[in-house]
Amino acid sequence: MTESEDDTMKYISTRDTSANPREISSAEAIIEGIAPDGGLYIPKSIPRISAGDFDALMHMNYPERAAYVLAKFLDDYDIDELYEDCEKAYSTENFSPSPIAVKKLSSNMYSLELWHGRTCAFKDLALTLMPRLLSRALKTTGEKKTMHILVATSGDTGKAALEGYRDIDGVKITCFYPADGVSEIQKLQMQTSSGKNVYTAGVRGSFDDVQSGVKTILSSERLHAAAEAKGYILGSANSINWGRLVPQVVYYISAYCDLCSAGEIETGDRVNIAVPTGNFGNILAAYIAMKMGLPVDRFICASNSNNVLTDFINTGVYDRRRALQKTITPSMDIILASNIERLICLFGGAELTVDLMEQLSRKGYYKAPEGLMDEIRKYFSAYSANEDDTMAEIYLEWEKDGYLLDPHTAVALGSVVKFRLDTGNVKKTIIASTASPYKFAPSVCDALGILSGKDIFETMDILSEKTGTEIPTPLTEVRTKEIRFRDIIDKGDMMELAFRK
Ligand SMILES: *Cc1c(COP(=O)(O)O)cnc(C)c1O
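I will try to describe carefully the structure that is included in this document. Every chain begins its residue count from 1, and numbering advances along the sequence as written. Only residues with pLDDT of at least 70 get local features here, since the model is predicted, and only at 80 or more are side-chain atom pairs given and counted; chain-wide, interface and lining totals rely on the full set of residues. Side-chain figures throughout are based on the complete set of non-hydrogen atoms in the structure, without hydrogens or water.

### Some remarks on the packing of aromatic side chains
This is how it is decided: Between rings of Phe, Tyr and Trp, where Trp is taken as its six-membered ring, a pair exists when centres lie within 6.5 Å; planes separated by under 30 degrees are stacked, by over 60 edge-to-face, and by other angles tilted. Comment: elements are numbered from the N terminus, with helices defined as DSSP H or I runs of at least four residues and strands as E runs of at least two. Relative accessible area decides the class of each residue, using a 1.4 Å probe on protein chains only: under 20% of the type maximum gives buried, over 50% gives exposed, and in between gives partly exposed. As a reminder, the over-ring test applies to NZ of lysine and CZ of arginine, requiring each to be within 6 Å of the ring centre and within 35 degrees of the ring normal.
Under the criterion given, the structure shown has 19 aromatic pairs. Aromatic side chains F54 and Y256 sit 6.1 Å apart centroid to centroid with 55° between the ring planes, which places their arrangement in the tilted category. Remark: Y256 occurs in helix α11 (residues 242-261) and F54 occurs in helix α2 (residues 51-58); sequence separation between them is 202 residues. Judged by relative accessible area, which is 8%, F54 ranks as buried. One aromatic cluster is present, formed by F280, Y287, F299, F347, Y379 and F380 through successive ring pairs. For K172, the ring lying beneath its charged end belongs to Y232, and the centroid distance is 4.8 Å. When the ring centre of Y365 is taken as reference, the NZ or CZ atom of K363 above it lies at 4.6 Å.

### What about the site of the ligand?
Basically, it comes down to this: The criterion for a residue being near a molecule or strand is simple. One of its heavy atoms has to lie within 4 Å of it. Polar contact criterion, stated in full: a pair of N or O atoms within 3.5 Å, where within protein one must be able to donate a hydrogen and the other to accept it, and residues adjacent in sequence count only if both atoms are side-chain atoms. Cavity: a set of points on a 1 Å grid over the protein atoms alone where a 1.4 Å probe fits but cannot get out. Pocket: an open set with protein on both sides within 12 Å along at least five of seven lines, its lining residues, like those of a cavity, having an atom within 4 Å of a point. Molecule-in-pocket calls rest on the fraction of atoms, with more than half required to lie within 2 Å of the cavity or pocket grid points. Each residue gets one label: Ala, Val, Leu, Ile, Met, Phe, Trp, Tyr, Cys and Pro are nonpolar, Asp, Glu, Lys and Arg are charged, and the others, such as Gly, are polar.
In the neighbourhood of the ligand, 15 residues make up the surrounding shell, with K123, D156, G278, N279 and N282 lying closest. Separating an oxygen atom of the ligand from a side-chain N or O atom of S331 is a distance of 3.4 Å. Here a nitrogen atom of the ligand sits 2.9 Å away from a polar atom, N or O, in the side chain of T434. Under a 2 Å grid-point criterion requiring more than half of the atoms, the pocket assigned to the ligand is the largest cavity. Class assignment of the residues belonging to the shell around the ligand gives a composition of 5 nonpolar, 8 polar and 2 charged.

### So, the pairing of strand β5 (residues 146-152)
Which entries qualify depends on this criterion: A pair of strands counts as paired when DSSP detects no fewer than two bridges linking them. Handedness is read with the strands pointing away from the viewer; a crossover is right-handed when the path from the first strand over the helix to the second is clockwise.
Burial analysis of β5 places 6 of its 7 residues in the buried class, which makes it a mostly covered element. Taken together, the 5 bridges between β5 and strand β8 (residues 232-236) define a ladder with parallel strand orientation. Along β8, the bridge assignment pairs I149 with G235. Each parallel crossover has a hand, and for β5 linked through helix α7 (residues 156-165) to strand β6 (residues 171-178) it is right-handed.

### Here we look at the nonpolar core
What counts here: Side-chain atoms within 4.5 Å link the members of a nonpolar core, which is a set of buried Ala, Val, Leu, Ile, Met, Phe, Trp, Tyr and Cys residues. Any two residues whose heavy atoms approach within 4.5 Å are treated as being in contact.
In this structure, L74 and Y252 are the most contacted members of the largest nonpolar core, which totals 136 residues. Those residues in contact with Y252 that lie beyond four places of it in its chain are L112, I273, V275, N282, A285, A286, A289, L294 and A432. Residues I185, M332, L413 and A441 belong to the second largest nonpolar core, which totals 38 residues.

### Regarding the environment of E64
Structurally, the position occupied by E64 is in helix α3 (residues 62-73). Judged by relative accessible area, which is 29%, E64 ranks as partly exposed. The spatial distance from the C-alpha of E64 to the C-alpha of Y90 is 9.8 Å, given a sequence separation of 26 residues.

Function cannot be read off these values alone, since they describe shape.
Have a look at this one:
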């Protein structure tokens, strides 16, 4: 390496196969979102947290931990500004009562509640911070144009992004969701969004259609040029953007510290981490936390009936040639998990990534080399839970611990149960709890044998009454908000909206 004395963080594209890959700063990676070659940005090397770092982190609150961990990745940001942004993002106004909580369940399991934010799903943790990171990045790089953020959502990202970017200077946001592929409350949350710089529309098609539509726009040099000519730049907020992924690393580290403080584990003990997975972003963030030094034994990648990832990790074959099934876990109804590309590149390098991604788009599948899969399987196990398993887990967990699971979290719990039966590995396990059960109240009621109400709000009331648990305030607020956005469009019209005034 020629720049060995330069120890600043650099980001490279997963598809850059040149001898000297183009290296950019984190601010540039966050602005660009997707690389010009269609690849995703990854850090050239992953920074470490030492024993000393852990000691320091133990005594910090969440915003402090976030700034501390993020500073290692975003070393071109001013540390004080980073802290200021984390404090604002993770305020009690945005997260009530705190950004995350770790709840002890029976059988060596811990629920890492990531849904105390304004949209009641884990994406709030990244999307309250990311607009601030972007805003800083635009200032640092001297960008004068307005940034137009395009988002494809399977339900939860959309509202979290619309909230996060609402009325942020220098930015506007357009959010696309599959018209019939999100839950009623998710749709209402988006349609009632406020803010003068936001717009949202349903698209006729699946999430994969919507995501590929956005990806096509964002990776077209012609369209970028056209946008620039009109005075703005196009950007992304999906987990293809590094700025979206990196805040997620923080909560795994923070949860581990919390378990140490609570005396549940000793510093250095290895834990398992189970994540209900769609685009592979959240679980990849957990893996990156491990690469930084977090003691993890195994990652359990949990899928619903759209079990492409289960098949991939178990057989090495990634096959997208299958019909998307609509499930009670819509945020995981995904066949093309974009962040697998990052995993492959981290394990196998850019050349292999380009080869496999090319096969995927040309033939609809690829078979990864056995050597690569052996390496991946040293860390990752994969299981899936079908609709019946998921419903059963919600019921059993309520009976056992009096703890309400949303269906996504239940998929993870069901996968842990299967993993344990298979392997006998019953290490303490952190389960990423990705949404409030109230966001999916009709399914949760079904699982518990409670009759739903005539609409989503009545159903939430009934669930609350029967279980003695509280409806999160942000969900009750949707009830009285006016619907602003009713548009349903064809996939072909997304492009036009990307150029909206
Ligand atoms: C987005 C989402 C997931 C999937 O997360 P990925 O990072 O896409 O793997 C799981 N559960 C819920 C509730 C979500 O909103």
